[in-house]
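Geometric and topological summary
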Amino acid sequence: MDKIYMVLLLLMIIPILICIRYARKIKSDVAVSIVKCLVFAIITILSNGLFVFSIDETFAYLMEALYLFSYDMVLIYILQYSQQYTMVFNEISPFRTGCFIVAYLDGISLFANTFLHNVFTLNKVSYMNYELFHIGTKSVFYHLHFVFAFCLVLCTIASFITKITRIPYFYRKKYFPILVVICVILVLNVVCDLSEFPVDLSLPFFVFAAILICYLSLYRSPKELVDKTLSIVVTEMNNMVICFDINNECVYANDRALEMFCTSEGSLQAVSEYVKAWLAENDIESRDSLEWSDQKTIDNEIHYFDIEYRKLFDQKKEYIGFFLNLVDNTEKHLALEQERYLATHDTLTGLYNKSHFAVKSAEILKSHPDEEWLLLSSNIKDFKLINDLFGMEKGNEVLKMEAGLLKERCRDGIVYGRIGGDKFAVCMPKARFQEEYFTDAIQTMGQVFNNDLYHLHIYIGVYEITDINEDISIMCDKANFAIKTLNENYARSIAYYNDTILNNTILEKQLVGDFDQALKEKQFCMYLQPQMTSEGKMLGAEALVRWQHPKRGLIFPGDFIEVFEKTGLIYRLDRFIWELAVQKLARWQQEGHSDLYISVNISTKDFYYMNVYETITALVEKYRIIPSTLKLEITETAIMTGTAGELDMIEQFRKYGFQVEIDDFGSGYSSFNTLKDMDVDVLKIDMGFLRTSKPENLEKSMSILNMIISLSKTLGLSVVTEGVETKEQVVKLTQMGCRIYQGYYFSKPIPVEEFEKRYM
């Protein structure tokens, strides 16, 4: 009998091993859980069989402990599988971890029972003339084991029931059979335990459970689902699917094809007519498949299609018909056309953009190499101001009007486009260029947009093309160089490029390129222009810069200061001159000339590129000079237009001990009201602002100067007048109350060595 039972157990294990083999081929979390569950199911079956027919009591205790522990593990992996398969409670991973911990503790208790008998005891009973071991007394640990096991089963059942109640009836076939088998195993296990029958009758159902779980979870793909899915996909897909039989008769067309080709009656005949026309244009008789693109006009609209033709064969390789798969790419085609348009045209104006203007200009130049050509570039003066005053819409309106004038006045043979911002460019034959034609257009735009706040003015630069192979962007740059020569000139609108403009630009770039080396080699040197009393006593000097260039010789500041201000290099040059001035003051003060001062200039850009206060005070502390001997000259414009806290910084300078001068007073904002906001020590007036082309206005200018000097004395400010060139000016200014002068009448700026020899 025992041999027959063991054979039955082995027969039960074989299907489970087969299921394990096939489950291991599937790479998924569900398959892994199934494999682990089935492995412990085999251990459960074998341990129960060995327990039933055990002769040795200790061995029986050990097998029963293994049986109960492996049953726990089966249930845990069944629970893990159910959560993964149903995707119900799958996210509760800490719960599963807790289950494993409890199972391991239960296992330790069960295996310890072999010697301690702390969970249960075994008695020998007689069944059918067989002496079998049977569980006798059961401790609380035994009952806790079964409570734990039943909780696992109930959680598993809950997962399946929750899934089944949530899904359509169509899908319940995948879950309901597994739920039934698990319930049967549960019932049989409970019955065996209550009846104290020595053999676990639920074990044979492990085989059914293993087969069902593997098949339904890993291999079954419902045929109804596949057929229904394919039917829906073909019927409702965006592609047009059309089938023909061996007689070339249309037997099927999906909804998309009918919608595209059919008349209101929905007949397949209309579809067939379109398709047969296509087939007639292509040699398909000798082909099993073919793909091509085509276009058809349907209801007066052009449609673009990608077409796939494929013959169909039955299982015996006999021809049974063919089908066409059509993809309507009309939207995609139009989008591509739009994308190509946007890649070559400006979205706002519809003109060529910068890159395509260059391409088309190069093409037209090379196609007419013997003709003379011009490249024109336009620029709207202060265009940003239009956006600031009137908004972006008004700015766009201006741009669109200029584009409209170009479209209207530039005919065939002329290339034009918007090359960026408010810049437009035109490439046209020289023979067709008429200056008044463009000035009229500028005036037309001015009449439309001019108002009390803003007057529209457009500048045009003209470059005569000498080399048709030259890069178009360089041609545009040259035309723009010509525009820069107009500056603030409202009387002229058109400027012509010449090589002098380019040479000046190249010269500026060379100056910028040489700057670092010049600073390193100390090619920049300090010149001093004395500041004198009317009697000729020297009080101090203003520090001015000269560039002793190794190739170009002595360069005056007018040739490079503006360039360095535009490029942002001025702050490095200023700091260099400041240090030279402080070094010289330190030397003079060591030699006993502590009464002499040097004035240094602070550029507007200095405030943006460095902390002027920290830089200058650091130099004073480094060389230990008297702060009042280093006078700081700041232009009125820099103070009143700055945003870097210049007024606060002036107050800090004066507290430190410096004297602060307003340079070129009257040439900037020219408002006496600004004096109340400027806590300074000295007003420096340039005689240049008194120059006038009308002699009758000279007396007015002198009256203004007299008033400035009087007001300065009232405010407790000193006055320095620079640009003094004649004795008469000195006499007149002295009468007005001015006592310090600077200008060519006394001395031009001279090298430091010459200054010291002459005045010290």
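Everything numeric here is computed off the predicted structure, so don't read it as measured data.

So, how was this worked out
- Residues numbered from 1 in each chain as written.
- Predicted model: local features only at pLDDT ≥ 70, side-chain atom pairs only at ≥ 80, totals over all residues.
- Heavy atoms only, no water.
- Helix = DSSP H or I, 4+ residues; strand = E, 2+ residues; numbered from the N terminus.
- Buried < 20%, exposed > 50% of the residue type's maximum accessible area, 1.4 Å probe, protein only.
- Areas by Shrake-Rupley, 256 points an atom, 1.4 Å probe, with all protein chains shown as cover.
- Contact = heavy atoms within 4.5 Å.
- Phe/Tyr/Trp six-rings, centres within 6.5 Å; stacked < 30°, edge-to-face > 60°.
- Lys NZ or Arg CZ within 6 Å of the ring centre and 35° of its normal.
- Expected span 1.5 Å × (residues − 1).
- Salt bridge = Lys/Arg side-chain N within 4 Å of Asp/Glu carboxyl O.
- Pairing = 2+ DSSP bridges.
- Axes fitted to C-alpha atoms, helices over the stretch in contact; angles between N-to-C directions.

Right, let's get into the overall build of the chain. Within the chain, the secondary structure is distributed over 26 helices and 22 strands. Out of the 760 residues belonging to the chain, those deemed buried represent 45%. Only carbon and sulfur atoms are counted for the fraction: they give 55% of the accessible area of the chain, which is about 40,300 Å².

Now for the environment of Leu374. Here Leu374 is to be found in strand 8 (residues 373–380). Residues Leu374 and Cys427, 53 residues apart in the sequence, show an inter-C-alpha distance of 5.9 Å. The residues touching Leu374, leaving out its near neighbours within four places in the chain, are Val426, Cys427, Met428, Lys430, Phe433, Val462, Tyr463, Glu464 and Ile465.

Next up on the list: the environment of Tyr613. Structurally, Tyr613 is set in helix 21 (residues 612–623). Considering only alpha carbons, one finds Tyr613 and Gln652, 39 residues apart in sequence, at a separation of 7.8 Å.

Overall, the coordinates contain 36 aromatic pairs when judged by the stated rule. Seen from their ring centres, Trp547 and Phe564 are 6.0 Å apart, and the 40 degrees between their planes marks the pair as tilted. Separated by 17 residues along the polypeptide, Trp547 in strand 14 (residues 538–549) and Phe564 in helix 18 (residues 561–567) bring together distant segments of the chain. For Trp547, a relative accessible area of 0% translates into the label buried. Judged by its relative accessible area of 0%, Phe564 is buried. Taking NZ or CZ as reference, Arg409 lies 5.4 Å from the ring centre of Tyr437, over its face. When the ring centre of Tyr597 is taken as reference, the NZ or CZ atom of Lys631 above it lies at 3.9 Å.

For the rest of this paragraph, the subject is helix 19 (residues 570–590). Residues that lie three or four places apart on an α-helix share one face, since the helix turns once every 3.6 residues. With 21 residues, helix 19 ought to run about 30 Å at 1.5 Å a step, and its terminal C-alpha atoms sit 30 Å apart, in line with that. Downstream of helix 19 by one or two residues, Gly592 has phi in the positive range, about 95 degrees.

Turning to the pattern of salt bridges, a few remarks are in order. Following the criterion strictly, the structure yields 18 salt bridges and no others. A salt bridge links Asp346 to Arg418; the nearest nitrogen and oxygen atoms lie 3.1 Å apart. Note that Asp346 is positioned in the loop between helix 11 (330–344) and helix 12 (354–367) and Arg418 in strand 9 (residues 415–420), a separation of 72 residues in sequence. Take Asp346 and Arg418: they sit in the same class, and that class is buried. A salt bridge links Glu754 to Arg758, with the shortest nitrogen-to-oxygen separation between them at 2.7 Å. Within this pair, Glu754 and its partner Arg758 are both found in helix 26 (residues 752–759), separated by 4 residues, close to a single helical turn. The partly exposed category is assigned to Arg758, whose relative accessible area is 45%. Each member of the salt-bridge network shares a partner with another, and the members are Glu542, Glu633, Lys684 and Glu722.

Right, let's get into the pairing of strand 19 (residues 682–686). Buried residues dominate strand 19, accounting for 4 of its 5 residues. As judged from the 5 bridges shared by strand 19 and strand 20 (residues 718–722), these two strands associate in the parallel manner. Counted as the bridge partner of Leu683 is Val719 from strand 20.

Before going further, it helps to spend a moment on the sheet that holds strand 7 (residues 319–328). The 5 strands lie next to each other as 4-3-7-6-5, forming an open sheet whose pairing is antiparallel. Taken across any chain shown, the strands that pair with only one partner, and hence form the sheet edges, are strand 4 (250–253) and strand 5 (289–298). Here the strands of the sheet are splayed against their neighbours by 25 degrees on average, with no regard to which way each runs. Against the sheet, helix 10 (residues 268–280) contacts strand 3 (240–244), strand 4, strand 5, strand 6 (301–313) and strand 7, and its axis sits at roughly 105 degrees relative to strand 4.

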